[in-house]
Structure formats: structure tokens, C-alpha cells
Amino acid sequence: MLIMETVLKIRRMHQVDGQSISAIAKVTGLSRNTVRKYLRQPPSEPPKYRRQQPAKPKLGEFEPALTQWLDLDARRPKRQRRCAKQLFEDLQRLGYQGAYDSVQRFVRDHKKQPAKTAAFVPLTFAAGEAYQFDWSEEEVEIGGVVQRVKAAHFRLTHSRQPFVMVFPRETQEMVFAAHDAAFHYWGGVPRQGIYDNLKTCVDQVLDGKERRFNPRFLALMSHYVIEPVACTPASGWEKGQVEKQVQDVRRRCFTPRRKVDSLAELNRRLIQELELAAQARPHPDDPSQTVWQRFVQERAVLRPLAPRFNGYVERELRVDSTCLIHFDRNTYSVDSRYAHRHVTARVFADRLQVYAQSELIADHPRQFGRDKTQYDPWHYLDLLEHKPGALRHGAPFKEWALPPALSRLQQQLMARKGGDRDMVKLLLAARQDGLDLLEQACRQVLQLGGSSAELVLNQLQRLRRPVEAPVIHAQVVPLSRPPEANCQRYDRLLPGGQHVSR
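As the structure is a computational prediction, the values presented were derived from the model and not from experiment.

Helix and strand counts for the protein chain come out as 17 helices and 15 strands. Scaling as 2.2 N^0.38, a compact globule of 502 residues should have a C-alpha radius of gyration of about 23 Å, whereas the protein chain reaches 43 Å, well beyond that. Projected onto its principal axes, the C-alpha coordinates of the protein chain cover approximately 190 × 60 × 45 Å. Relative to its 502 residues, the protein chain shows a buried fraction of 40%. Counting contacts in the protein chain only where the partners sit at least 6 residues apart, residues at least 24 apart contribute 58% of the total. Just so you have it, the protein chain exposes about 31400 Å², and 51% of that area is on carbon and sulfur atoms. Charged side chains of the protein chain number 79 positive and 57 negative; the gap between the two group centres comes to 7 Å.

Written out as C-alpha cells, the structure is:
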């Protein structure tokens, strides 16, 4: 391609000096066809080089597959996209026998194509009509440990009021807990919920807007009488408000990395910061009002709250020989009577309950992480009755926090021979009468200078609530003839019938 100065020289030599095309070609060293082309070109148009498109006889039949691969890679993260060399090798596996240059030029031209700009219709929602939900992953420092957490984002589509709650995982029981917290924070329930196609909510994506929702998720929707609406796959603009909220909250609340002592503290701070932001931010549809003012108005039209949803996920587990069940790489103790049996675990966001034939046999705080064990020493009390020696070295009893008086008495008893058996007797009595009453009996015995289990059991018997005798209301019948005191009548019982005085 010639520069503009050369084109000007050619035109001046031809039109001003009157030289022929052949003469100009000899002076400039250009071909006559090149001189003729630039003389025919409009003078105001800069010179351009147009390369003829090759026929591509070998790549032509593979262009649809190559285009499909490039479109698919464009939706992937940059680290997962294939380069031209990898695409060339993949085409060779399909039978392509052409050159690599053809593939490279095709990939380069495809990337130069202008991006398709989508157009959208602005959406508006009535008060109390809908909310949008989404998850995000954030990085925080909890108790000095850097870890990744999941943030559940809710947004009322009319007032734009947000609600964010952080959880350790993105599981179904966390979804239930997040919805309960959001609805009770708002003070009511909207009519619709707009969701992405989350695996915890949607079991199968069907044609169009049809979805097969998870039964437990539908139970949540039925409990609060909400119509779930699922977005089209890869169409985040259908819940654009909460998508933008994820970016705004990450920038405002998680950048730089937050340092807190617990998740409860983090969630409490998030609510406070988002409320302050809502009170200061003008509403996008009505700048004369803040988001918080619009939220107060919308709260009045939300449907009344139902009782909290019993949001758990059930798992069938087996109790091992050490009276432990294993769930999510952690272990929990259950009543020793159910060793080697199958039980049902109800997993909540913050606790784990164990049932056997509808009877609650264990209730533990939920553990996260790995290889953690949650003991309840009372679960092993029946075993202690037959194996009292386990009280000294048993793992469930190492960190057993007993009341002060009972703990002091335990130290005195365990220093004696057979003291472990006496301590087990006291613990068995606590299961019958309660730990508070046993603590009171131990305190009174220690104040009197005693330290034996028999004294404690005797004192415990005294403290037990006496059984009140039933009150009998008897009707007294008056006598028409009152009795007379006559001792001579007893003389008839003596031999001879008379009393002989001596």
C-alpha cells in the first residue's frame, strides 16, 4: 500500500506534467497496473490495500465446527479458552488436512468481529410483587483464618432494599435459613421469587420457562405461598438488580478483606452497613425518596409472615460402635442405646438433630471444617453404669463442664478407690432428678464437711418435692345417742363374769 505522498506525486506527474502511465511507471518503479489503479481512485480517498479472500478449499467444510468452538470458548474464562494451535490440532482429529495459517487467519478474523450488543427493555415492579435471589463467593478473615464464604443476596425489586447473609456453604439448608432470615428482616413476604437455575432449587431445566423444582424447595415456597420464577440459562439480565447488588456489596463491604471474630458478627455488621447505605442512597426511580423510605412504604403491602420454616435436609446414617455418626467429614455422638443402628439426621444450617423412630436422641451445634468431633457426655451414661472406669479416660468426659460443687465433689471421689463408681451413681441420679437439684445437694453436703456419694443421695432425697397427700372430704354424721364411759362392761370378759379387786 502506497503512502499519500506517492499517490500525490503520481497524480501530479500525470495531470500537470502530462506524462504517460508507462513513463510514470519507469520513474517510480511501479507497475503500470498500480499507477493506473491510483489514478482511477478518488483523490480524497486514502489508499487502501484489499487482499483477495482465498478460496479456502480445505478449511471450508470445517468452518461451522470452528465457529461453534470459538463461540463456546468466548463464554468461558480466559484460562480455559483454546489458542489457534489447539484448535488446529482439534480440526486435524476431525480430518482437516489444510495448513495452520488458514486456521490462524480464521481465528484472527473471528475475534475481530464486532461484539453483539444486546438491547434490553427496562423492567418495573409493583410494591410487594417480587424479589431476586443469588449467591456470591467472598473472601474474609474469621478469627485470624482466611476462608471463602458464601453470601446469599436478596433484593426487593420495587424498593431496591437489599438483604445479605453469609454462610459457610451453599447448600440447601443454607438456602432455607437465608430465606427465613430475609423474610423476617423485611417483615413480610412478596408474591414472587426470581431465581437462577440453582441445583439446590431446580432439579431439571425443561423447555422455555418450565422447570422441575426440588421438592424441599417447593415445600419452602408453599410454606410462604411464593411463586418461584426461574431465569433463562445464561441470562443474568433477567435478575439484573441482584446481579449488580453482588458487585456493589463486594466493593463496599468485602474490599479490602473483612476481619471479624465470627460469622454472626459479620452478618450483624452487614445489616447495619446496608441499612445506612439505603438511608443515604436516592431511589433510582424517584430521587426525591431514599431506598429506605421506599422500603418502608413497600413493607406495608407485603403479605403477612408465616411461622418460620423448618428448613432441614434429612440423611439416613448408621451409628458405629463408639456411638458416633459421620456427616460432612465430622462426627457427632448419639445415645449409646442406638449403637449399630440406622438413624435419621436432620441437618439445619446451624445444628444437627438425630432421630430414631421420631424420637429425638441427639441435638448438636453444626460443625464445619474437617475431622471435628462433637460429644455429649450424657449419651454415654448407660455405658458408664457397666463400665465406670471409662469416666477417668473416656474421650467424651475429658472436657465435661460440670457445675462447680459437683465438679469439686468429683475430684474428691476420683481420688479414692471405687470413686468412679460412686460418681456414676450421682450422674444417674442427675438424669432422674435434674442437674440443678443434684448441684444443690452437693453444695449442702460440702458445706457440712461431707464428701461421700451416700450423703449426697440422702440429701437429694430430702430435697425432692414431697408428694402431697390427697385431701379427703368426709361427711360427719352426728350420733343420736352419745357413748357413755362404763368400765364395768369389761368385767364380762373375765372368768366368772366379774372383776375381782385385790
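So, next bit.
This brings us to the packing of aromatic side chains. Applying the stated criterion across every chain, the model contains 25 aromatic pairs. When the centroid spacing of 6.2 Å and the interplanar angle of 55° are considered together, the rings of Phe154 and Phe163 count as tilted. For Phe163, a relative accessible area of 4% corresponds to the buried category. With a centroid separation of 5.5 Å and an interplanar angle of 55°, the aromatic rings of Tyr312 and Phe348 are classed as tilted.

With five of six residues buried, strand 3 (residues 162–167) is to be regarded as a mostly interior element. Summarising the sheet, strand 2 (residues 145–156) and strand 3 pair through six bridges and their orientation is antiparallel. Note that in strand 3 the partner of Lys150 across the bridge is Phe167. Between strand 2 and strand 3, which pair antiparallel and follow one another directly, the connecting turn spans five residues, one of which, Arg160, has a positive phi of 70°.

This part is about the pattern of salt bridges. Taken as a whole and judged by the stated rule, the model has 29 salt bridges. Measuring nitrogen to oxygen at the nearest pair gives 2.5 Å for the salt bridge that ties Arg93 to Asp90. You can see Arg93 and its partner Asp90 sitting in helix 5 (residues 84–93), three residues apart, about one turn around the helix. Given a relative accessible area of 61%, Arg93 falls into the exposed group. Classification of Asp90 by relative accessible area gives buried; the value is 18%. Two residues, Glu170 and Lys150, come together in a salt bridge whose shortest N-O distance is 3.5 Å. Separated by 20 residues along the polypeptide, Glu170 in the loop between strand 3 and helix 7 (172–186) and Lys150 in strand 2 bring together distant segments of the chain.

With antiparallel pairing, four strands are arranged side by side in an open sheet as 9-12-13-14. Both outer strands of the open sheet, strand 9 (313–318) and strand 14 (359–365), are each paired with one neighbouring strand and no more. Ignoring strand direction, the axes of neighbouring strands in this sheet form an average angle of 25°.

As a further point, take the layout of surface pockets. In this structure, the largest pocket encloses a volume near 590 Å³. Lining of the largest pocket is provided by 26 residues; of these, Phe167, Pro168, Ala349, Asp350 and Phe368 occupy positions nearest its centre. For the lining of the largest pocket, the element with the highest residue contribution is helix 7, accounting for six residues. Its residues placed into classes, the lining of the largest pocket shows 14 nonpolar, six polar and six charged.

Attention now goes to the sheet that holds strand 11 (residues 330–333). The strand order across the open sheet formed by three strands is 10-11-15, and the pairing between neighbours is mixed. Looking at which strands have only one partner, the edges of the open sheet turn out to be strand 10 (324–327) and strand 15 (373–374). Examined bridge by bridge, strand 10 and strand 11 share four bridges and lie antiparallel to one another. Its bridge partner being in strand 11, Leu324 is matched across the sheet by Ser333.

We now examine the environment of Lys58. Within the fold, Lys58 resides in the loop between helix 3 (32–40) and helix 4 (63–74). Residue classification places Lys58 among the partly exposed positions, given a relative accessible area of 49%. Sequence spacing of Lys58 and Met165 is 107 residues, and the spatial spacing of their C-alpha atoms is 57 Å. What Lys58 contacts, discounting residues up to four positions off in sequence, is Tyr96, Gln97 and Gly98.

With that settled, consider unusual backbone geometry. Each neighbour pair has its own omega, and for Thr255 with Pro256 the value is 0°, a cis peptide bond. Tracing the sequence through the fold places Pro256 in the loop between helix 9 (240–253) and strand 8 (258–260).

So, on to the nonpolar core. Of all hydrophobic cores here, the largest spans 37 residues; its most connected members are Tyr131, Phe133, Trp135, Phe154 and Trp186. Mapped by element, the contributors of at least two residues to this core are strand 1 (130–142), strand 2, strand 3, helix 7, helix 8 (215–224) and helix 11 (291–299). At nine residues, the largest contribution of residues to this core is made by helix 7. Contact partners of Trp135, with chain neighbours within four places excluded, come to Lys150, Ala151, Ala152, His153, Phe167, Arg169, Glu170, Met174, Val175 and Leu198. Formed by 28 residues, the second largest nonpolar core is a distinct cluster that contains Ala405, Leu427, Leu446 and Val456.

This part covers helix 15 (residues 419–433). Compared with the 21 Å implied by 1.5 Å per residue over 15 residues, the 21 Å span of helix 15 between its first and last C-alpha is a close match. Taken together, the buried positions of helix 15 are Gly419, Asp420, Asp422, Met423, Val424, Leu426, Leu427, Ala429 and Ala430. On its buried face, helix 15 is in contact with helix 12 (381–386), helix 13 (390–393), helix 14 (404–414), helix 16 (435–447) and helix 17 (453–463).

Cut-offs and rules
- Every chain begins its residue count from 1, and numbering advances along the sequence as written.
- Per-residue local features are limited, in this predicted model, to residues with pLDDT of at least 70; the limit for side-chain atom pairs, both in listing and counting, is 80 or more; totals at the level of whole chains, interfaces and linings are taken over all residues.
- For side-chain calculations, the full set of non-hydrogen atoms in the structure is used, while hydrogens and water are omitted.
- By definition, any uninterrupted DSSP run of H or I lasting at least four residues is a helix, any uninterrupted run of E lasting at least two residues is a strand, and each is numbered from the N terminus.
- Every radius of gyration here is taken over C-alpha atoms, with the globule rule written as 2.2 Å times N^0.38, N being the number of residues.
- Three exposure classes are used, based on accessible area relative to the maximum for each residue type with a 1.4 Å probe and protein chains only: buried under 20%, partly exposed in between, and exposed over 50%.
- Residue contacts are counted whenever heavy atoms from the two residues lie within 4.5 Å of one another.
- For the area figures, the Shrake-Rupley method with a 1.4 Å probe applies, and any residue is considered shielded solely by the protein chains shown.
- Here the positive residues are Lys and Arg and the negative ones are Asp and Glu; neither His nor the chain ends is included.
- Taken as the charge location is NZ of Lys, CZ of Arg, CG of Asp or CD of Glu.
- Within 6.5 Å between ring centres, the rings of Phe, Tyr and Trp (the latter by its six-membered ring) count as paired, and their orientation is classed by plane angle as stacked under 30 degrees, edge-to-face over 60, tilted in between.
- In this analysis, strands are considered paired if DSSP registers two or more bridges between them.
- Salt-bridge detection follows one rule: a side-chain nitrogen of Lys or Arg within 4 Å of a carboxyl oxygen of Asp or Glu.
- Geometry is summarised by axes, namely lines fitted to C-alpha atoms with helices restricted to the contacting stretch, and by angles between N-to-C directions that run from 0 to 180 degrees.
- Site definitions follow a grid-based scheme: protein atoms alone, a 1 Å grid, a 1.4 Å probe that fits but cannot get out for cavities, and for pockets an open set with protein on both sides within 12 Å along at least five of seven lines, plus lining residues having an atom within 4 Å of a point.
- Grid points are joined across faces, edges and corners, and a volume is the space filled by probe spheres set on the points.
- Note that Gly is not counted as nonpolar here; it falls among the polar residues with everything else outside the nonpolar set of Ala, Val, Leu, Ile, Met, Phe, Trp, Tyr, Cys and Pro and the charged set of Asp, Glu, Lys and Arg.
- Only buried residues count toward a nonpolar core, which is a set of Ala, Val, Leu, Ile, Met, Phe, Trp, Tyr and Cys residues joined through side-chain atoms within 4.5 Å.
- Here, expected helix span is obtained from the residue count minus one, scaled by 1.5 Å.

That's the geometry; what it means functionally is another story.
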